[in-house]
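Survey of secondary and tertiary structure
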Amino acid sequence: MKIRTLKRHVVEAFKSMGRNGWMSFASISAVTVTLLLVSVFLAILLNINYIASQIEDDVQIRAYIERTEKPENYKDYQQDLEKLDKVKTVEYQSKEEGLDELIESLGDEGEAFSSLKNENPLRDAFIIYTDKPQDTAAVAKEVEKFKFVNKVEYGKGTVEKLFKVTDVARNVGIVLVLGLVFTAMFLISNTIKLTIVTRRREIEIMKLVGATNGFIRWPFFIEGFALGVSGAVLPIVVIAVGYQAIFDIANQKLGTVFIELLPVTPLIPQLSLLMLLIGGVIGVWGSLTSVRKFLKI
Amino acid sequence: MIEMIDVWKTYPNGVMALNGIDVYIEKGEFVYVVGPSGAGKSTFIKCMYREEKPTQGSIIINGTNLAKVKERQIPKVRRKIGVVFQDFKLLPRLTVYENVAFALEVIEESPKVIRERVMEVLDLVKLKNKARMFPDELSGGEQQRVSIARSIVNHPPVIIADEPTGNLDPETAWEIMDIFKEINARGTTVVMATHNKEIVNTITKRVIAIEGGRIVRDEAKGDYGYED
Ligand SMILES: Nc1ncnc2c1ncn2[C@@H]1O[C@H](COP(=O)(O)OP(=O)(O)O)[C@@H](O)[C@H]1O
Ligand SMILES: [Mg+2]
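Residues numbered from 1 in each chain as written. Chains lettered and ligands numbered in written order. Predicted model: local features only at pLDDT ≥ 70, side-chain atom pairs only at ≥ 80, totals over all residues. Heavy atoms only, no water.

**Some details on the site of ligand 1**
All names here are of chain B.
- Contacts to ligand 1 come from Y11, N13, V15, A17, P36, S37, G38, A39, G40, K41, S42 and T43.
- In the environment of ligand 1, an oxygen atom lies 2.7 Å from a nitrogen or oxygen atom belonging to the backbone of G38.
- Here an oxygen atom of ligand 1 and a backbone polar atom of K41 are 2.8 Å apart.
- Protein contact buries 65% of the 560 Å² of open area that ligand 1 shows by itself.
- With three residues, helix 1 (residues 41-48) is the largest single contributor of residues to the shell around ligand 1.
- Here the residues of the shell around ligand 1 sort into five nonpolar, six polar and one charged. (Near = heavy atom within 4 Å. Polar contact = N/O pair within 3.5 Å; in protein donor to acceptor, adjacent residues only side chain to side chain. Areas by Shrake-Rupley, 256 points an atom, 1.4 Å probe, with all protein chains shown as cover. Helix = DSSP H or I, 4+ residues; strand = E, 2+ residues; numbered from the N terminus. Nonpolar A, V, L, I, M, F, W, Y, C, P; charged D, E, K, R; others polar.)

Shown next, in the form of structure tokens:
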């Protein structure tokens, strides 16, 4: 296609949008509402995931070894654990190391435990990391079955609850987002269909003087794309401004518990690009599905 | 130039519009297609520029067998055939100039060539001074002249017209015929379905009469042959 032809298509597309001003406005609004919700959902979901991952990093299973077990068997036991499904790594931690770690983690107050070093109340332990944090509970159950294991510990309740919440949020979010996207596509496709009915005669004439389907389709393609992309503008502004504000407040409050939100960059640029992309795809899809059946002349 | 071999057309609703048409039209000929209403004249014309696809038989135009043309290639075929309709089929939102230029934009002709050719054909149909007007500002005869200008602007070897004077008063009809005669004189083949007895009997040319989807008469210097 030559440049001047492309120019002609662009001019045609914008003329048509102007002529069907109200319908264009309705389509853009539909995309705007959709993308607004989609972007808010995405920002929330990504942040839940991000926060979850910050906590997930700490998810480990501690399997304490029976005092009656002989240390020379530990190597075999470790291999048994490593052979389990979904287990990533198994580390051995002697009770002395365990105590040191405990003392260190308690800081100043830990000094008080130093006296315990001679009669260490802890047991030797294996520290198990799973492939996915979600597997923690299942793996812990397996580990518990071994005879040499005295007790298994992991962040039971909290971990499970956290993953339940994120999973539910994720699924609800995905369903809602998909529903909204389809609604917007439907609206755009209907908008353009309406404009096409009035242009039906024009299309027929164009075909009679030898216009290819592509030639006729291009302006509609551009129109749909422009409608979709225009619909992404407001959501991008809203999410950029809103997220910056929330980010500033949240980081002041959450800083004390060592949790942070996703940084504004790259999140906002990425979300913006995604919104433009979704808007464009919705628009193009909507317009092309509505032209299709008018081209069979 | 135009050849139809055993062409049949049955519409999806079962109407048999063409029932075995055989015809050969030489390059540069001027042919009237006559016959009563519903005889199949429009179907005959539509099959030539492939608005309708024959159920059976082959149509060869400008050396191309339409039966073998793929869907994608149809626009290319149509560019070599100028079509003129009873209802003009102009684009209402484009000016006279733009309507004519459209046939060249479709084939991505350069702006310079477009300007030259459009002015040239508008001159031929005597509408140069109305180039900036819109179709609804023109009389019926003028609109038909625009549509003729559009059909010839890319120099197709064939012009086909379906009752081009059907909506026009007699005087205007003669003006339109003058243009077709001029186009034909320049070497373009003209095929015209018409109901206009006077024109057929005055400007005598080859006459093909269709009745019930069959050619019932084909005369070199024929007359209209029906009482209207
Ligand atoms: N698109 C169509 N679908 C069904 N029947 C049609 C269609 N077009 C024409 N016909 C029928 O085919 C026959 C021939 O029509 P047409 O070619 O328009 O005749 P003419 O132009 O000579 O009046 C008529 O009976 C008409 O009703
Ligand atoms: Mg007819």
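The structure having been displayed, the exposition proceeds.
**A look at a nonpolar patch on the surface**
- Together, M1, L6, V10, F14 and W218 of chain A give the surface a local cluster of nonpolar side chains, amounting to about 440 Å² of exposed area.
- Note that V10 of chain A resides in helix 1 (residues 3-19). (Patch = residues over 30% accessible without salt bridge, like charges linked within 9 Å, V, L, I, M, F, W, Y side chains within 5 Å. Salt bridge = Lys/Arg side-chain N within 4 Å of Asp/Glu carboxyl O.)

**Brief notes about helix 1 of chain A**
- Here helix 1 of chain A is 17 residues long and its end C-alpha atoms lie 24 Å apart, about the 24 Å a rise of 1.5 Å per residue gives.
- Along helix 1 of chain A, the residues that are buried comprise T5, R8, H9, E12, A13, S16 and M17 of chain A. (Expected span 1.5 Å × (residues − 1). Buried < 20%, exposed > 50% of the residue type's maximum accessible area, 1.4 Å probe, protein only.)

**Describing unusual backbone geometry**
- Put simply, T265 of chain A and P266 of chain A share a cis peptide bond, and its omega is 10 degrees.
- Here P266 of chain A shows up in helix 8 (residues 264-292).
- Located in the positive-phi region is F88 of chain B, a residue other than glycine, with phi close to 65 degrees.
- The residue F88 of chain B is located in the loop between strand 6 (81-85) and helix 3 (96-105) in this model.
- The buried category is assigned to F88 of chain B, whose relative accessible area is 10%.
- One non-glycine residue with positive phi stands out, namely E108 of chain B, at about 55 degrees.

**Quick notes on the confidence of the model for chain B**
- Here chain B averages 94 in pLDDT, while 100% of its residues score no lower than 70.
- For this predicted complex, the interface confidence score (ipTM) comes to 0.80, while the overall pTM stands at 0.70. (pLDDT = per-residue confidence, 0-100.)

**Concerning the sheet that holds strand 8 (residues 189-193) of chain B**
Residues and elements named next belong to chain B.
- Pairing within the open sheet is mixed, and its six strands lie in the order 6-7-8-3-9-10. Sheet topology places strand 6 and strand 10 (214-219) at the edges, where each strand pairs with a single neighbour. Between one strand and the next, the sheet's axes are offset by a mean angle of 15 degrees, whatever the strand orientation.
- As defined by bridge partners, strand 6 adjoins strand 7 (residues 158-162) across five bridges and the pair is classed as parallel. Bridge pairing in strand 7 places V83 opposite I160.
- Here helix 5 (residues 140-152) sits on the sheet in contact with strand 6 and strand 7, set at roughly 165 degrees to strand 6. (Pairing = 2+ DSSP bridges. Axes fitted to C-alpha atoms, helices over the stretch in contact; angles between N-to-C directions. Contact = heavy atoms within 4.5 Å.)

**A short note on the pattern of salt bridges**
- Under the definition given, this model contains 17 salt bridges over all chains.
- E204 of chain A is paired through a salt bridge with K89 of chain B; the nearest N and O atoms lie 3.4 Å apart. Here E204 of chain A is found in helix 6 (residues 156-208), whereas its partner K89 of chain B is found in the loop between strand 6 and helix 3 on a different chain.
- Residue classification places K89 of chain B among the buried residues on the basis of a relative accessible area of 10%.
- Here K130 of chain B ties to E142 of chain B by a salt bridge, and the two come within 2.6 Å at their closest N and O atoms. Taken as a pair, K130 of chain B in the loop between helix 4 (111-124) and helix 5 and E142 of chain B in helix 5 lie far apart in primary sequence, 12 residues in all.
- K130 of chain B sits in the partly exposed class, given a relative accessible area of 23%.
- Through salt bridges that share partners, E204 of chain A together with D87 and K89 of chain B make up one connected network.

**Concerning the interface of chain A and chain B**
- Contacts between the two partners involve 20 residues from chain A, matched on the other side by 20 residues from chain B.
- Interface area, chain A with chain B, both sides summed: about 1,900 Å², of which 58% is carbon and sulfur.
- Taken as a group, I205, L208 and V209 of chain A account for 31% of the area that chain A buries against chain B, more than any other trio of residues on that side.
- Run the count over chain A and chain B and you get two salt bridges.
- At the surface where chain A touches chain B, the tally comes to seven residue pairs in polar contact (both at pLDDT 80 or more).
- Breaking the side of chain A that touches chain B down by element, the ones donating at least two residues are helix 1 and helix 6 of chain A.
- Ranked by residues supplied to the side of chain A that touches chain B, first place goes to helix 6 of chain A with eight residues. (Buried area = accessible area lost by both parts, 1.4 Å probe.)

**Here we look at the packing of aromatic side chains**
- Applying the stated criterion across every chain yields a total of 13 aromatic pairs over all chains.
- When the ring of W22 of chain A is compared with that of F25 of chain A, the centres are 5.8 Å apart and the planes differ by 85 degrees; the resulting orientation is edge-to-face. Residue W22 of chain A and its partner F25 of chain A are both found in helix 2 (residues 21-56); the two are separated by three residues, about one turn of the helix.
- On the accessibility criterion, W22 of chain A (71% relative accessible area) is exposed.
- On the basis of an interplanar angle of 75 degrees and a centroid distance of 5.7 Å, the ring pair of Y224 of chain B and Y226 of chain B is categorised as edge-to-face. For the pair formed by Y224 of chain B and Y226 of chain B, the shared burial category is buried.
- Through a chain of ring-to-ring contacts, the aromatic side chains of Y74, Y77, Y92, F126, F146 and F148 of chain A assemble into a single cluster.
- When the ring centre of F85 of chain B is taken as reference, the NZ or CZ atom of K89 of chain B above it lies at 5.0 Å. (Phe/Tyr/Trp six-rings, centres within 6.5 Å; stacked < 30°, edge-to-face > 60°. Lys NZ or Arg CZ within 6 Å of the ring centre and 35° of its normal.)

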